[in-house]
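Below, each chain spelled out in residue letters.
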Amino acid sequence: MRTSLWVQVAFSAFAVTGERATEADPTFCCDALKAAGLQDITHYPDAAAYAARQEAYYNPLARLKPACIIQPNRAEEVSTIVKMLVKANKTQPCQFAIRAGGQTIREGAANIDGGVTIDLGFMNSTTYFAENKTAAVQPGARWGTVFRALDKADVASAGGRAASVGVGGLVLGGGNSFYSARKGLVCDNVQNFEVVLANGDIVHANSESNSDLFQVLKGGANNFGVVTRIDLKTFEREPIWGGVVAYPVDTADLHTKALVNFGEKLADDPYASAIVILLFESHIGFPMVGNAYEYTKPIERPPPIFDEFLAIPGNFSSSMRTTNMTDLTEELEKPKGFRWKFLTLTFQNDERILKKATELFHYIIETVGDRDELHLSPMFQPLPISFTKHSVANGGNILGLDRFSENNILFLYVIGWMKKENDEFMHKISEQYIEDLDSYAKSIGKSNPYIYLPYADPTQDPLSTYGSANILKMRAAAAKYDPEGVFQTMVPGGFKLSKVQIPEDHDYLQHDEL
Ligand SMILES: Cc1cc2nc3c(=O)[nH]c(=O)nc-3n(C[C@H](O)[C@H](O)[C@H](O)COP(=O)(O)OP(=O)(O)OC[C@H]3O[C@@H](n4cnc5c(N)ncnc54)[C@H](O)[C@@H]3O)c2cc1C
Ligand SMILES: *[C@@H]1O[C@H](CO)[C@@H](O)[C@H](O)[C@H]1NC(C)=O
Ligand SMILES: *[C@@H]1O[C@H](CO)[C@@H](O)[C@H](O)[C@H]1NC(C)=O
Ligand SMILES: *[C@@H]1O[C@H](CO)[C@@H](O)[C@H](O)[C@H]1NC(C)=O
Ligand SMILES: *[C@@H]1O[C@H](CO)[C@@H](O)[C@H](O)[C@H]1NC(C)=O
Ligand SMILES: *[C@@H]1O[C@H](CO)[C@@H](O)[C@H](O)[C@H]1NC(C)=O
């Protein structure tokens, strides 16, 4: 009964989502927050704090214009905010966005035009507890500061690979890290979530209590509540061999071949990690290959799994060294000043598709020509079945990767440009790139339906690719923990469960669940 009520509420509400009543007072919802005693943390567009937080969105395209930004310091304040907004929504629509690091490229995921942005940027601490070897990390922390704290405590955790990336969005979307082959995805390393639910209750979700909520938060993003604390498992830290090596672009096919072989061998040497990145930057003027290699324990010489890469001649720079996570995550940042778009695909670990992606990379460079300053960096990350074996042991995530029986590649397409007048053009050529690559993968029977949410573009639909059984689990959890559909109707940003249809392809079904 509850499921059907929830589904009804959620679907009917989509008629109004995105529209704002024209005669509505844009500050009504913000004033309700002020009236609840939160005036000191509520910032209107004329405030310096508002401007500073807008500026701190990674992608200029994500700087939408909320009526106000509210910056809670603790879970109790988040609870008050959610309760007040839900109450005020009975008088006038009070839509809101949830922002952690604000690094998502997708505009509207963590910000909102005309609504309230709940900005968790002040909730950014990392506290390590030796007694249970966990780190309590607040969602607004950035991975650079998390690793600074953990490196000092001589422990490590699976986490983001660039210092500026936020904790909240990465963990709730999955999280690929240097430790994936050893430890699974970052979400699989969560011991416990503290969550503010739609009714304002502050609850814990872990393998013992609210275990259904625990599972759906590991991939289900902002569909269930506002996460206010993430307890991450840690393990002993060891020095890491890592860095970035740049090569001439005519070696690209050797690299993509080496990566395919690397992906097949990763289960046998889970300490290793590699990303092959095709890179073009206008100011450099020629395309190249720039790989990131890491090995998460000390070595005297590079282990054999890297042999094929290391035999590729002609590198013109290398930063390979033995260091720590704080240092490594500073290195994998992207340049500033660009307007960005990410798109993603998953396909089987087949060299032909990577070659096709390389051809299309050259085509985009030609097509853009000197129309704009360009940053183009499509990248290939192994996504072998071995990454998923840790998830079940840790209470399971909701991504559905465990239903695949082939080693895959997680592909991320990254494009940056400068001029606003080129927005439409860049969106179009990039969407075409993905369509062409996906069609090619399908034409040789090597595509995979999975779409990784943290990399996904608004034109993509990640939640629908988690498999029917997982979609049903997410619906059940939303009906139980958010029966009125607050996170569906009042939080329009991100990918919404209520918009997801059960895929008709019955190959996705997990028989034991139905
Ligand atoms: C330079 C760069 C490097 C990256 N490196 C990696 C990497 O190594 N591995 C990887 O897996 N991904 C990586 N990503 C992708 C990254 O995981 C996503 O961009 C992620 O969403 C960033 O998290 P955030 O907290 O900054 O996001 P935000 O933009 O703040 O939020 C993202 C989404 O999550 C929701 N959300 C965030 N926090 C909460 C919360 N506490 N409660 C409820 N909902 C919440 C928001 O509403 C929003 O929809 C990278 C991205 C960039 C730009
Ligand atoms: C947390 O955020 C505050 C406010 O932006 C900042 O001053 C502080 O340095 C941050 N702390 C950490 C650990 O990043
Ligand atoms: C770890 O211990 C600390 C301190 O006792 C406690 O606050 C925290 O909740 C514990 N974490 C987990 C995941 O049990
Ligand atoms: C991490 O490495 C950097 C660079 O070598 C170094 O400056 C820093 O002190 C190291 N941090 C820790 C905690 O070891
Ligand atoms: C880069 O090239 C130099 C020789 O120019 C070589 O010594 C080094 O091992 C190469 N590094 C990698 C990672 O291939
Ligand atoms: C919020 O208000 C809108 C517009 O009136 C309504 O459609 C929606 O169902 C409301 N959401 C909740 C959770 O009350």
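Counting from 1, residues in each chain are numbered in the order their sequence is written. Written order decides the labels, with chains lettered from A and ligands numbered from 1. In keeping with the model being predicted, local features are shown solely for residues with a pLDDT of at least 70 and side-chain atom pairs are shown and tallied solely at 80 or more, while totals for entire chains, interfaces and linings include all residues. Values reported for side chains reflect all heavy atoms of the structure, with hydrogen atoms and water molecules removed beforehand.

The name given to the chain in an unreviewed UniProt entry is FAD binding domain-containing protein, and the organism recorded there is Phyllosticta capitalensis. UniProt positions are given in the numbering used here, feature names are shortened, and annotations may be inferred rather than shown by experiment. You can read under Sequence similarities (unreviewed entry) in the UniProt record for the chain the words "Belongs to the oxygen-dependent FAD-linked oxidoreductase family."

Participant: Describe the environment of Trp 417, with residues and values.
Facilitator: Note that Trp 417 resides in strand E20 (residues 408-417). By relative accessible area, which is 0% here, Trp 417 ends up buried. Distance from Trp 417 to Trp 340, taken between C-alpha atoms, is 6.7 Å for residues 77 residues apart in sequence. Contacts: residue pairs with any heavy atoms within 4.5 Å of one another. The residues contacting Trp 417, other than those within four sequence positions of it, are Leu 61, Phe 338, Arg 339, Trp 340, Lys 341, Asp 372, Glu 373, Asn 422, Asp 423 and Met 426. Throughout this description, a polar contact denotes any pair of N or O atoms lying within 3.5 Å of each other; where both atoms belong to protein, one of them has to be capable of donating a hydrogen while the other can accept it, and for residues adjacent in sequence the pair is counted only when both atoms sit in side chains. A polar side-chain atom of Trp 417 sits 3.4 Å from the main-chain carbonyl oxygen of Lys 419. In this structure the side chain of Trp 417 is engaged in a polar contact, spanning 2.9 Å, whose partner is the side chain of Asp 423. A run of DSSP states H or I qualifies as a helix once it reaches four residues; a run of E qualifies as a strand once it reaches two. Both are numbered from the N-terminal end. For the exposure calls, accessible area comes from a 1.4 Å probe over protein chains only, and a residue counts as buried if that area is under 20% of its type's maximum, exposed if over 50%, partly exposed in between.

Participant: Please set out the confidence of the model for the chain residue by residue, giving values where relevant.
Facilitator: Predicted confidence across the chain gives a mean pLDDT of 93, with 93% of residues reaching 70 or more. pLDDT measures how confident the predictor is about each residue, on a scale from 0 to 100. When the criterion is pLDDT under 50, residues 1-22 qualifies, and its contacts beyond four places in sequence or with other chains add up to 28 contacts. Residue range residues 506-514 is modelled with pLDDT below 50. Its contacts to residues more than four positions away, or to other chains, number 14 contacts.

Participant: Residues and numbers for the packing of aromatic side chains, please.
Facilitator: For any pair of aromatic rings, the description consists of the separation of the ring centres together with the inter-plane angle of the planes. Each pair of aromatic rings taken from Phe, Tyr and Trp, with Trp reduced to its six-membered ring, is defined by centres within 6.5 Å and is described as stacked if the planes are under 30 degrees apart, edge-to-face if over 60, and tilted in the remaining cases. Taken as a whole and assessed by the stated rule, the structure comprises 21 aromatic pairs. With centroids separated by 6.2 Å and ring planes inclined at 80°, the aromatic side chains of Phe 342 and Tyr 455 adopt a geometry described as edge-to-face. With Phe 342 in strand E17 (residues 339-348) and Tyr 455 in the loop between strand E21 (447-448) and helix H15 (468-481), the pair connects residues that are 113 residues apart, well separated along the chain. Given a relative accessible area of 14%, Phe 342 falls into the buried group. Overall, the relative accessible area of 11% leaves Tyr 455 in the buried class. With a centroid separation of 5.4 Å and an interplanar angle of 40°, the aromatic rings of Phe 380 and Phe 411 are classed as tilted. Placement of the pair is Phe 380 in strand E19 (residues 379-383) and Phe 411 in strand E20, with a sequence separation of 31 residues. An aromatic cluster is built from Trp 241, Phe 262, Tyr 271, Tyr 293, Tyr 295, Phe 306 and Phe 309, whose rings are joined through pairwise contacts.

Participant: For the side chain of Ser 180, give the residues involved together with the corresponding values.
Facilitator: Tracing the sequence through the fold places Ser 180 in helix H7 (residues 180-183). For Ser 180, a relative accessible area of 1% translates into the label buried. Of the polar contacts made by the side chain of Ser 180, one reaches the side chain of Asn 176; its length is 2.6 Å. For Ser 180, the contacting residues outside a window of four places in its chain are Leu 185, Phe 387 and His 390.

Participant: Help me get a handle on helix H9 (residues 252-265), residues and values and all.
Facilitator: Since one α-helical turn is 3.6 residues long, residues separated by three or four positions face the same way. The span you would expect from a helix comes to 1.5 Å times its residue count less one. Between its terminal C-alpha atoms H9 stretches 20 Å, which fits the 20 Å expected from 14 residues at 1.5 Å a residue. Along H9, the residues classified as buried are Ala 252, His 255, Thr 256, Ala 258, Leu 259, Val 260, Phe 262 and Gly 263.

Participant: Please give an account of the sheet that holds strand E1 (residues 42-43) that cites residues and values.
Facilitator: The strand order across the open sheet formed by 4 strands is E1-E2-E4-E3, and the pairing between neighbours is mixed. Each edge of the sheet is formed by a strand with only one pairing partner; in this case those strands are E1 and strand E3 (96-99). We treat two strands as partners when DSSP finds at least two bridges between them. Inspection of the sheet shows strand E2 (residues 68-70) paired to strand E4 (residues 116-119) by 3 bridges, in the parallel sense. In the sheet register, Ile 70 faces E4, and the bridge partner there is Ile 118. Lines fitted to C-alpha atoms define the axes, with helix axes restricted to the stretch in contact, and inter-axis angles between N-to-C directions lie between 0 and 180 degrees. Set on the sheet, helix H3 (residues 48-55) makes contact with E1, E2, E3 and E4; between it and E2 the angle comes to about 85°.

Participant: Quick rundown of the pairing of E19? Include the residues and the values.
Facilitator: Of all 5 residues in E19, 5 are buried, a share of seventy percent or more. Burial along E19 is two-sided: the face carrying Met 379, Gln 381 and Leu 383 and the face carrying Phe 380 and Pro 382 are both buried. Relative to E19, strand E13 (residues 272-281) is paired through 2 bridges, and the arrangement is antiparallel. Bridged to Ile 277 within E19 is Met 379.

Participant: I'd like a description of the site of ligand 4, backed by residues and values.
Facilitator: Around ligand 4, the neighbouring residues are Asp 151, Arg 237, Thr 323, Asn 324 and Asp 327. In this description, accessible areas are obtained by the Shrake-Rupley approach with a 1.4 Å probe, and a residue is regarded as covered only by the protein chains that are shown. Within the complex, the protein chains bury 40% of what would otherwise be the 370 Å² of accessible surface of ligand 4. All residues other than Ala, Val, Leu, Ile, Met, Phe, Trp, Tyr, Cys, Pro, Asp, Glu, Lys and Arg, Gly among them, are scored as polar; the first ten of these are nonpolar and the last four charged. Classifying every residue of the shell around ligand 4 by side-chain character gives no nonpolar, 2 polar and 3 charged. Here a residue counts as near a molecule or strand whenever at least one of its heavy atoms sits within 4 Å of it.

Participant: Hey, could you go over the state of the cysteines for me, with residue numbers and the actual values?
Facilitator: What we call a disulfide is simply a covalent bond connecting the sulfur atoms of a pair of cysteines. Disulfide assignment relies on a single distance test, namely cysteine sulfur atoms paired within 2.5 Å. In total, this model carries 2 disulfides according to the counting rule given. There is a disulfide in this structure between Cys 29 and Cys 94, and the S-S distance comes to 2.1 Å. Handedness of the Cys 29-Cys 94 disulfide follows from its S-S torsion of about -95°: it is left-handed. One end of the pair, Cys 29, is in helix H2 (residues 28-38); the other, Cys 94, is in the loop between helix H4 (75-88) and E3, with 65 residues separating them in the sequence. By relative accessible area, Cys 29 is classed as buried at 7%. For Cys 94, a relative accessible area of 0% gives the class buried. Residue pairing for Cys 30: its cysteine sulfur links by disulfide to Cys 68, the two sulfurs lying 2.1 Å apart. Between Cys 30 and Cys 68, the disulfide has an S-S torsion of -95° and is therefore left-handed.

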